[in-house]
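Spelled out from the first residue to the last, the chains are:
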There are 2 protein chains.
Amino acid sequence: IVKRGVTRVITPSTVLNDQAIDPSRHNYLAALCAEGDEVAIVLWDLSTASVKVIASSCDRYRDDLARYPVAECIAAEEFFSPIAELTESPAEIPGHFDHFPPAQSRALALARHYLSTTQFRTIEPTEIERITDQPLLLMDHSTCRNLELLTNMNGGNDHTLLWVLDRTQTAMGGRLLRDWIRHPLFDRHSIERRLEAVELLVGNYALTGTLRDILKGICDLERTINRIALEQHRPRDLVNLRQSLHQVMQLREHGEFLQEAPLLSELFASLADFQELIDYLAHAISDEPSATIKGGQVIRNGFDETLDRLRGARGNARDQILHMEADEKSQTGIPSLKIRYNKVFGYYIEVPKTHQHRVPQHYIRKQTLVNAERFVTEPIKELESLILEAEEQLQPHEEMLYSQVCSYALQWMELIVSSARAVAQVDVLSCFAQISVGSHYNRPHIDDDTRLEFSELRHPVIECIQSEPFIANDLQLDTKQQQLMIITGPNMAGKSTYMRQSALAVIMAQMGCFVPATKAHIGLCDRIFTRVGASDNLAEGKSTFMVEMSETAFILQHATRHSLIVIDEVGRGTSTFDGISIAWSVAEHLSGQGPIGARTLFATHFHELTDLEQEVEGVFNCHILISEKQGQLHFLRKVAPGCAPKSYGIEVARLAQLPQSVIERAYEILSNLEAREYSAEGRSAVVHSQDPPYLFGPLDDPAVE
Amino acid sequence: IVKRGVTRVITPSTVLNDQAIDPSRHNYLAALCAEGDEVAIVLWDLSTASVKVIASSCDRYRDDLARYPVAECIAAEEFFSPIAELTESPAEIPGHFDHFPPAQSRALALARHYLSTTQFRTIEPTEIERITDQPLLLMDHSTCRNLELLTNMNGGNDHTLLWVLDRTQTAMGGRLLRDWIRHPLFDRHSIERRLEAVELLVGNYALTGTLRDILKGICDLERTINRIALEQHRPRDLVNLRQSLHQVMQLREHGEFLQEAPLLSELFASLADFQELIDYLAHAISDEPSATIKGGQVIRNGFDETLDRLRGARGNARDQILHMEADEKSQTGIPSLKIRYNKVFGYYIEVPKTHQHRVPQHYIRKQTLVNAERFVTEPIKELESLILEAEEQLQPHEEMLYSQVCSYALQWMELIVSSARAVAQVDVLSCFAQISVGSHYNRPHIDDDTRLEFSELRHPVIECIQSEPFIANDLQLDTKQQQLMIITGPNMAGKSTYMRQSALAVIMAQMGCFVPATKAHIGLCDRIFTRVGASDNLAEGKSTFMVEMSETAFILQHATRHSLIVIDEVGRGTSTFDGISIAWSVAEHLSGQGPIGARTLFATHFHELTDLEQEVEGVFNCHILISEKQGQLHFLRKVAPGCAPKSYGIEVARLAQLPQSVIERAYEILSNLEAREYSAEGRSAVVHSQDPPYLFGPLDDPAVE
């Protein structure tokens, strides 16, 4: 009789099945509690035992949550927003997380209670990482989307920064890379430690290759040991564990040659010595265990005397039965006699009907088929009993041994988890080294100043996907003479690419990765803001322009002197004069003359804004070069000082195959616009060239007063 | 011994499992073949046996494909684009589809070959629908996206037209509604037939409610009968089939009261009489069959004598064994004696160790447990043999009967499929009736002219999701006096909503649905075009402006005098003068003065374009009313003739919480812009009010010449 009952509740964050959760990302349960304005977020990945606590606040917690792959969110009663999914309040566990501030300790208790309830066992965190005061380069959710860090604009995974950088060899490394991209550092010392490590790996490129080969053989150690701890593993996991730990030992040996970079030497030093566990597992578990312990082929012969004895007895009896076939054949003279086994009758002798007359007396009839009869004999029945008895003892005994082996392996859990995390870092750093060599990235110079300087900078993603060679560009920004760059130039010339590649290079550098430039000086950025594109959201009642303005307002409210701001058009969705006024006023506010003075890249189609260069110190103009040969537009993709002479909008429209007559008429109107005037209300004097003068324009035109 | 072998290949279009494919949409295999410029598309839904042939062309086939839910696409060698997945060329089947043009017959053969190969059986189409010459209202893929017909801007399913309209009760109805939304008609007669049917159903609303209750009980008939045909069904499918056919019969009876609308009377007439099949299935299949035929509880007692006899024999023997328990207890005097069954030993008698001394001689020991012994007796063994023998015959016999039943049901397949399609139409029409009553929609007047007139038109989706009451608006468009409406007004005022609701109402009317307006006159539209929003696609090397221009070019190339065009801003992503020139020239091209003269809604922030009203016949201005009370902006959402007095862009920026200082400065700049002038190159004279005059502007200003 099988005992039935609920033994586990599976929810989005408590799935542990490897097929169901993506190995390349964490699968967090988020628990939220608030005390006054303070919000504590606990992120708990049951599958890797990674637990993080974030001290957040009412207005920031949604952004903080968005930075992590959260599969499920539970919240205390004080939350009632649609993201919150309420659960029963946990019984107070006094003293359990008392060393955390009240909100955090409640959030930890909430997560622990939820996981323990679903798992039907007490779940304890092995290690809790506090995210509170780590200095990070912050990016809001829309900036991540705009820069296509982890997903592209269509929500897919290709053509993103992650897609370019991810050459990691292990699942742990893949998850860590994702985390590093989403959370670049803002602390020179930590960044330099990573860059140093990457440089050493680049300098020892052959050795790096060997390391990467070794890494390839390491399974998802974090999730494997966790499955064992939560008793949701299969025997195969123990074999993977042994093989992977063997690779970890190999990694450890090779680490001796990479002691010059402190980060690497610390990482290699934190890889534990697993020889004892490896030997034990090799001795205990067979190389090709059955899929489950019930399969009975898990514990290796020679590990346990009793097990060997029982298996021997069963095997012997089986062999004896099978050898009987030849004996019975010769004794009865029935050449087609067979000894077979099935689940219903056990072992039996089958004799075709044609030979029934030769069946001996001592055969006991069991079943009659159309063409044959089936029999047993006393010796067969005795041997079968022996087999059944052995099997009855074998299974529980093997299960007991198996659980002993697992318990022993779990004594190593803390060492395995900490080694797995070191492996992840080695993996990501060596991945950086590999891509730096392969794609010609260079080590950036990191500084605490506010200077940003790139020579021959490329866009890491676009250079990979376009077929023609990528045209590199320089960039110089600071918070003094070159603080706000106004970029003009026709569409399709490459303004967006230029601005985004600059932001991406800063992110890469502050992750500790080399950058796609021949030279780079990075004065550290505390935040990166972008205002790029936009579409409306009628269901939420927001027009395109409203979305644009909200994003701009967010930047003006949050940017500091250490931020990097990328604005790709602002003020488009309204009338021309309103748009210019807003764009101009925003640019002034961002400039050194205003309260912020952050490094800013500001692309615009309002050529009026290029006048700011003369008005405000630190504002300067750049444009993207175009050549026009025989009426054909050539995009040179090169950034140069000064403002664009023309905007070529109509030429681009021609490229987009607007009918020839429409293009010609547009040019005619343009020349009228340029030749005549705007009236007082911003109304144009657009008429046919041959037409009488504008109907009412000049009459109330203050310019002729 | 189980015979193993590949019996089926499962691919995206050949999955039949109900859990794996969405019941609400078709799951098409598309097969493409080309002959010269002609491209034939075959759409074949294996799960519903729906087969369509489309005569398309090289430049149109991608758009045609996008109109249907295609799960998988195969193409002949002449295609080599990434959407094509090559398969082995089918052996030529001469004469098979010879009555189709060459490309179509090849595409049909290709699809048939592919499906037959994956299913390991010959698959033949039951009925082939030719899409060639059906007059439809065409919409390109981006128009469907912009109008949020089937998916919203974020790719989700809520807040779409489908989401509002889908009150269908059956899976077939759900699929058909999707198809009708994507393919409104362009043929007055067919539209009127549907509208008439809806009107009759609205007029008999109580009866409609009854019909909908009956429809609710109809399972996915198309997929059910197909699973049976492809031998991938479960016994439960036959029960569902019977119950659903019973509902179809009910529907048929009620149809008698709805004869006035020709479409409905045809539909009800095409529901077949299934009484014979229903009775047969009721007799043959038990009401709660086991999950598979192996479970042995599928064929009902009384259907087949042999089956009843075998079941009786087995049941008898089982009863006898179980009754033995009492006998053996009293004979042996062992009160705790039990008769039990397990898979290894069959039936046995279990006696606790404490009673071993009372075990009679004739008990044969089978197994020893810790606390008990297990025995058999000769009578038990004999009865067990009887059971086993009966079971050995039972299963194949029941399987044979089952396959007879299925064969009989399949003789009805054609009738079931055609009735299912009629059910789908009744379902969608009654869904239209229900939503028309519930949401106060009215029957539109359909005409072949080019007039479009709505009184108090609402947006069907937004009126459902916003909490405040929706403000309805009128619209009048034709191809003469009121041909091109230039709409101005601030952001957030409701321009996009107004334009989209007009397009949606046309689509709804041409689907045969009532519309959310008190009165509607629809001069039929052959195509609807939209140019709304846009975001760039750097990976494809397209800027926002380029995307905008390409979409505009597409409209200018394809629109006819019968089209409806919705343009929400054009010319934004370039310099002001370029943008105005392009917008102006595009408007002229679309106007009656140009070659197209289609009904056009043209929203713009270039107030300059309102001058077109005086220049070009048929162009007229509208704007959306705003009230300003005590410096507060109130959106009145009411459309009125004339152009907007101000654009209020800066006010909207204030609503978006741009800092107060930025807003004030923007107003200052705006007043300068309005007070002064644009220079010859479109450069503004933006300076501080107190500042000296603009440096070089007035000098070369032709206005002062």
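Up top you'll find the structure we're talking about.
The present account deals with the structure reproduced in this document. (Residues numbered from 1 in each chain as written. Chains lettered and ligands numbered in written order. Predicted model: local features only at pLDDT ≥ 70, side-chain atom pairs only at ≥ 80, totals over all residues. Heavy atoms only, no water.)

## Some points on the pairing of strand S21 (residues 632-641) of chain B
Residues and elements named next belong to chain B. For clarity, the cut-off: Strand pairing is defined by DSSP finding a minimum of two bridges between the two strands. A run of DSSP states H or I qualifies as a helix once it reaches four residues; a run of E qualifies as a strand once it reaches two. Both are numbered from the N-terminal end.
Alignment of strand S20 (residues 619-629) against S21, held across seven bridges, turns out to be antiparallel. The partner of Lys629 across the bridge, within S21, is Gln632. Between S20 and S21, which pair antiparallel in sequence order, lie two residues; one of them, Gln630, sits at a positive phi of approximately 45 degrees.

## Some thoughts on the packing of helix H7 (residues 205-216) of chain A against helix H9 (residues 235-255) of chain A
Residue and element names in this part refer to chain A. So the rule is basically this: Lines fitted to C-alpha atoms define the axes here, with helix axes fitted over just the stretch in contact, and angles between the N-to-C directions of these axes take values from 0 to 180 degrees. Any angle between 65 and 115 degrees counts as roughly perpendicular, while under 35 counts as roughly parallel, over 145 as roughly antiparallel, and the rest as oblique. A clockwise turn of the near helix away from the far one marks a right-handed crossing, whereas an anticlockwise turn of less than a right angle marks a left-handed crossing. For this analysis, residues touch if any pair of their heavy atoms sits within 4.5 Å. By the convention adopted, Pro, Cys, Tyr, Trp, Phe, Met, Ile, Leu, Val and Ala count as nonpolar, Lys, Arg, Asp and Glu as charged, and the other residues, Gly among them, as polar.
For the pair H7 and H9, the least separation of the axes is 9 Å and the interaxial angle reads 165 degrees. In terms of orientation, H7 and H9 fall into the roughly antiparallel class. Pair H7 / H9 crosses with left-handed handedness. Residue-level inspection shows Leu207, Thr210, Leu211, Asp213, Ile214 and Leu215 of H7 in contact with H9, the latter providing Gln247, Gln250, Leu251 and His254. Within the contact of H7 with H9, the residues separate by chemical class into five nonpolar, four polar and one charged.

## Thoughts on the side chain of Thr168 of chain A
Residue and element names in this part refer to chain A. To keep things clear, this is the line we draw: Throughout this description, buried means an accessible area under 20% of the type-specific maximum (1.4 Å probe, protein chains only), exposed means over 50%, and partly exposed covers the range between. Here a polar contact is recorded for every N or O atom pair within 3.5 Å, except that within protein the pair must consist of a potential hydrogen donor and a potential acceptor, and residues adjacent in sequence are included only if both atoms are side-chain atoms.
For Thr168, the location among the structural elements is in the loop between helix H4 (161-165) and helix H5 (171-182). Given a relative accessible area of 16%, Thr168 falls into the buried group. Among the polar contacts made by the side chain of Thr168, one reaches the side chain of Asp166 at a distance of 2.6 Å. The contacts of Thr168, once residues within four sequence positions are left out, are Gly173, Gly174, Leu177, Asp427, Val428 and Cys431.

## Re empty space enclosed by the protein
Spelled out, the test is: Buriedness of a pocket was judged along seven lines, with at least five required to meet protein on both sides within 12 Å; pockets are open sets of points on a 1 Å grid over the protein atoms alone, cavities are sets where a 1.4 Å probe fits but cannot get out, and lining residues have an atom within 4 Å of a point. Grid points are joined across faces, edges and corners, and a volume is the space filled by probe spheres set on the points.
For the structure on display, the rule yields five cavities of 30 Å³ or more. Size it by volume and the largest cavity reaches roughly 140 Å³. Forming the walls of the largest cavity are 16 residues, and the residues nearest its centre are Arg572, Thr574 and Phe606 of chain A together with Arg572 and Phe606 of chain B. Of the residues assigned to the lining of the largest cavity, the class counts are two nonpolar, ten polar and four charged.

## Considerations on a nonpolar patch on the surface
Residue and element names in this part refer to chain A. To keep things clear, this is the line we draw: A residue counts toward a patch only above 30% relative accessible area and without a salt bridge, and it is joined to like-charged neighbours within 9 Å or, for Val, Leu, Ile, Met, Phe, Trp and Tyr, to nonpolar neighbours within 5 Å. Surface exposure here means Shrake-Rupley accessible area, sampled with a 1.4 Å probe, where a residue is shielded only by the protein chains that are shown. Here a salt bridge means any side-chain nitrogen of Lys or Arg lying within 4 Å of a carboxyl oxygen belonging to Asp or Glu.
The grouping of Val6, Val9 and Phe120 at the surface amounts to a nonpolar patch, some 270 Å² of accessible area in total. Mapping Phe120 onto the fold places it in the loop between helix H2 (102-119) and strand S6 (128-130). Using a relative accessible area of 47% as the deciding quantity, one classes Phe120 as partly exposed.

## Here we look at the packing of aromatic side chains
Heads up, the condition is: Here a pair means two rings of Phe, Tyr or Trp (six-membered ring of Trp) with centres within 6.5 Å. Their orientation is stacked below 30 degrees between planes, edge-to-face above 60, and tilted elsewhere.
The final tally for this structure, using the stated rule, is 18 aromatic pairs over all chains. Here the aromatic rings of Phe529 of chain A and Phe554 of chain A are separated by 6.1 Å at their centres, their planes lie at 65 degrees, and the arrangement is edge-to-face. Of this pair, Phe529 of chain A sits in strand S17 (residues 527-532) while Phe554 of chain A sits in helix H17 (residues 544-558); the two residues are 25 residues apart in sequence, bridging distant segments of the chain. A centroid spacing of 6.1 Å and a plane angle of 45 degrees characterise the contact between Trp180 of chain B and Phe432 of chain B, whose relative ring orientation is tilted. Within this pair, whereas Trp180 of chain B is found in helix H5 (residues 171-182), its partner Phe432 of chain B is found in helix H14 (residues 413-438), the two being separated by 252 residues in sequence.

## Observations regarding the sheet that holds S20 of chain B
All names here are of chain B. Overall, mixed pairing links the seven strands, which are arranged S7-S17-S18-S19-S15-S20-S21 in an open sheet. The open sheet has two edge strands with one neighbour each: strand S7 (138-139) and S21. Judged from the five bridges that link them, strand S18 (residues 564-568) and strand S19 (residues 599-603) form a sheet pairing that is parallel. The residue of S19 that forms the bridge with Val566 is Leu601. Contacting S7, strand S15 (484-488), strand S17 (527-532), S18, S19, S20 and S21, helix H16 (residues 495-511) runs over the sheet at an angle of about 160 degrees to S18. In the packing of helix H17 (residues 544-558) onto the sheet, the strands contacted are S17 and S18, and the crossing angle to S17 comes to about 160 degrees.

## Overview of the environment of Asp45 of chain A
Residue and element names in this part refer to chain A. Relative to the helices and strands, Asp45 resides in strand S2 (residues 38-45). Exposure remark for Asp45: the relative accessible area of 0% places this residue in the buried category. A sequence separation of 27 residues divides Asp45 from Glu72, and the C-alpha atoms of the two residues are 10 Å apart. When near neighbours in sequence (up to four residues on either side) are disregarded, Asp45 contacts His26, Asn27, Tyr28, Ser50 and Arg223. Of note is the side chain of Asp45, whose polar atom sits 2.6 Å from the side chain of Ser47.

Everything listed here is a matter of coordinates, which is why it stays silent on function.
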